[in-house]
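A look at the structure
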Amino acid sequence: MGSITRDEDAPTASSHPLKIFDAARRQDRFLYACAPMVRYSKLAFRQTVHKYGVDLCWTPMILAKEFNRNQFARDSDFTISTSGVQPPTIVQFGANVPLELARASTLVAPFASGVDLNCGCPQSWACAETLGAALMNKRELVRDMVIETRQHLERDGWGVRMEQDMENPKGRSNRLVDWVTIHPRTRHTPSTTPIRTEALEILTEKYSRTLPILLSGDVFDLATLPIRSTSPPDLATLTIKEDPPSNTATQQQPRPSTTNLSGFMSARGLLANPALFAGHSACPWETLETFMCNVARCPLPLKLVVHHVQEMCAPGMGDDKSSLLNKKERAKLVDFTNMADLIDFLDEKIEEHTGQKGMRRDL
Ligand SMILES: Cc1cc2nc3c(=O)[nH]c(=O)nc-3n(C[C@H](O)[C@H](O)[C@H](O)COP(=O)(O)O)c2cc1C
């Protein structure tokens with residue numbers, strides 16, 4: 001939704017999200033994003049997907065009110081790397097009060113590349129609290145939250161005025177948000193139902209000229225993206241994956257210039273295969289190793305690590321249904337009661353499957 005910079009604090013110029021959008025657009029390549037995922041998109045996972053081609057990472061949704069009031073919530077909800085790679089990170093908040101979002105955003109501003117407001121979570125508890133998808137019926141409230149947040153950040157000296165803030169301190173303020181992510185399903189559509197590409201097309205045709213748009217939903221494999229190009233590029237429209245191609249031009253790999261999209265965000269696809277955006281159709285062993293090494297440096301609770309490993313070792317969401325471990329091997333994962341035993345088991349499997357020494361050589 002919005003980027004944050006302050007010249008003297010900017011870790012590196014390239015972590016400014018609008019610069020990342022800009023660089024991708026100049027190269028006519030899609031920007032790749034790791035979706036906000038409650039429980040899962042923690043630092044070790046963000047570092048892993050960043051190594052494998054993700055440009056911009058989201059944190060899980062963080063409740064702004066609790067974040068503002070509770071040190072424990074701050075410590076457990078938001079972890080950054082103080083050494084080594086800090087992937088460009090957007091902090092997603094759940095909020096329904098302008099001052100809460102503004103305060104939480106100023107708290108994370110020194111440590112993040114941007115902030116995002118969750119307007120899509122369909123869960124009943126969230127909607128009952130006027131959070132997530134419930135905000136779609138509260139447009140004025142969303143506007144007020146964004147305005148107040150921008151004002152607070154600006155008052156604190158942060159650059160929040162769109163593209164010009166990358167170069168020019170005066171900035172530009174004719175848009176409220178820097179980009180949007182669209183998940184083309186309704187609040188009641190199950191994730192097993194394919195995304196509504198025709199609805200996406202209506203929105204992207206209208207807004208893509210003024211606003212970068214990311215598509216979230218059903219991005220499982222770069223070879224079978226849920227949209228495709230039409231030709232010529234100026235007349236680009238989005239068509240559904242299931243349509244038979246009408247000519248050879250429609251079979252080309254989509255690019256930003258042949259669609260109305262700036263990039264793709266993935267949740268379930270990356271969970272199963274963090275190397276998705278590096279072009280791998282299934283999770284490679286080395287990606288699992290990378291994740292485990294990141295976990296050793298940026299720890300996660302054992303149960304969560306096991307869950308990640310189960311996801312990465314099972315058949316993925318795309319057409320490639322190969323898996324690192326078979327069902328029986330995966331079933332064993334839940335028996336581990338400590339990290340050392342899990343690492344030993346995975347080391348054994350790595351050696352068995354690849355003939356290479358496992359993770360302990362890196363730790
Ligand atoms: C485990 C899990 C947790 C999620 N948590 C969040 C969240 O915190 N905030 C959010 O906006 N969306 C959340 N989502 C929704 C995803 O960001 C994404 O929009 C949705 O899963 C569709 O993308 P996919 O087809 O790539 O999974 C979550 C999805 C999953 C699977």
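Residues numbered from 1 in each chain as written. Predicted model: local features only at pLDDT ≥ 70, side-chain atom pairs only at ≥ 80, totals over all residues. Heavy atoms only, no water.

Structural notes on the overall build of the protein chain
- In terms of helices and strands, the protein chain carries 14 helices and 9 strands.
- Looking at the protein chain as a whole, 50% of its 363 residues are labelled buried.
- Sequence-distant contacts, at least 24 apart, represent 65% of the contacts inside the protein chain between residues at least 6 apart.
- Only carbon and sulfur atoms are counted for the fraction: they give 52% of the accessible area of the protein chain, which is about 17,500 Å². (Helix = DSSP H or I, 4+ residues; strand = E, 2+ residues; numbered from the N terminus. Buried < 20%, exposed > 50% of the residue type's maximum accessible area, 1.4 Å probe, protein only. Contact = heavy atoms within 4.5 Å. Areas by Shrake-Rupley, 256 points an atom, 1.4 Å probe, with all protein chains shown as cover.)

Looking at helix 1 (residues 17-26)
- Residues of helix 1 that are buried include every one of Pro17, Leu18, Ile20, Phe21 and Ala24, and no others. Viewed end-on, helix 1 has its buried residues packed into an arc of 160°, placing them on one side of the element. (Arc of directions from axis to C-beta.)

Quick word on the packing of aromatic side chains
- This model, assessed by the stated rule, comprises 7 aromatic pairs.
- Between phenylalanine 21 and tryptophan 179, the ring centres sit 5.2 Å apart and the planes meet at 40°, which makes this aromatic pair tilted. Note that phenylalanine 21 is positioned in helix 1 and tryptophan 179 in the loop between helix 8 (164-167) and strand 7 (180-182), a separation of 158 residues in sequence. Accessibility assignment for this pair places phenylalanine 21 and tryptophan 179 in one class, buried.
- An aromatic cluster is defined as three or more aromatic residues linked by ring pairs; in this entry it consists of Phe21, Trp58 and Trp179. (Phe/Tyr/Trp six-rings, centres within 6.5 Å; stacked < 30°, edge-to-face > 60°.)

Re helix 14 (residues 339-354)
- In a regular helix each residue adds 1.5 Å, so 16 residues correspond to 22 Å; helix 14 covers 22 Å between its end C-alpha atoms and thus fits that length.
- You can read the cap of helix 14 off the contacts: a side-chain oxygen lies 3.1 Å from the backbone nitrogen of alanine 340, and it is on asparagine 338.
- Positioned one or two residues after helix 14, glycine 355 has a phi angle of 75°, which is positive. (Expected span 1.5 Å × (residues − 1). Polar contact = N/O pair within 3.5 Å; in protein donor to acceptor, adjacent residues only side chain to side chain.)

A look at unusual backbone geometry
- Within the chain, arginine 39 stands out as a residue other than glycine whose phi angle is a positive 80°.
- Topologically, arginine 39 is positioned in the loop between strand 2 (31-34) and helix 2 (43-51).
- With relative accessibility at 53%, the residue arginine 39 sits in the exposed group.
- At threonine 130, a residue that is not glycine, the phi angle is positive and equals roughly 55°.

Considerations on the site of the ligand
- Lining the immediate environment of the ligand, one finds 15 residues, of which Val38, Gln92, Asp218, Ala267 and Arg268 sit closest.
- Take aspartate 218: an N or O atom from its main chain is 2.8 Å from an oxygen atom of the ligand.
- With respect to the ligand, the side chain of arginine 268 contributes an N or O atom lying 2.7 Å from an oxygen atom.
- Computed on the free molecule, the ligand has an accessible area of 610 Å², of which 78% lies beneath the protein chains in the complex.
- Across the shell around the ligand, the residue classes break down as 7 nonpolar, 6 polar and 2 charged. (Near = heavy atom within 4 Å. Nonpolar A, V, L, I, M, F, W, Y, C, P; charged D, E, K, R; others polar.)

Notes on the confidence of the model for the protein chain
- Looking at the protein chain as a whole, its pLDDT mean stands at 88, while 86% of the residues score no less than 70.
- Low confidence marks residues 7-13, where pLDDT is under 50. Its contacts with residues over four positions away, or in another chain, come to 2 contacts.
- Note that residues 234-250 has pLDDT below 50 and, in this model, 37 contacts with residues that lie over four places away or in other chains. (pLDDT = per-residue confidence, 0-100.)

A word on the environment of arginine 268
- Counting through the fold element by element, arginine 268 comes out in helix 10 (residues 268-272).
- Between the C-alpha atom of arginine 268 and that of methionine 317, which follows or precedes it by 49 residues, the distance is 7.2 Å.
- Apart from the residues lying within four places of it in its own chain, the contact partners of arginine 268 are Arg185, Ser191, Asp218, Phe220 and Met317.
- Looking at arginine 268, its side chain comes within polar contact range of the main-chain oxygen of serine 191, at 3.5 Å.
- At a separation of 3.3 Å, a polar atom in the side chain of arginine 268 contacts the side chain of aspartate 218.

Considering the pattern of salt bridges
- Counted under the stated rule, the structure contains 13 salt bridges.
- With its nearest N and O atoms 3.8 Å apart, the salt bridge here joins aspartate 22 to arginine 26. Placement of both aspartate 22 and arginine 26 in helix 1 is noted, with a separation of 4 residues, approximately one turn of the helix.
- Under the relative-accessibility criterion, aspartate 22 is labelled partly exposed at 21%.
- Where aspartate 55 meets arginine 29, a salt bridge forms, and the shortest distance between an N and an O atom there is 2.9 Å. In this pair, aspartate 55 is assigned in the loop between helix 2 and strand 3 (56-58) and arginine 29 in the loop between helix 1 and strand 2, connecting sequence segments 26 residues apart.
- Here aspartate 55 falls in the buried class, since its relative accessible area comes to 13%.
- For arginine 29, a relative accessible area of 30% corresponds to the partly exposed category.
- Because the salt bridges share partners, they merge into one network encompassing Asp22, Arg25 and Arg26. (Salt bridge = Lys/Arg side-chain N within 4 Å of Asp/Glu carboxyl O.)

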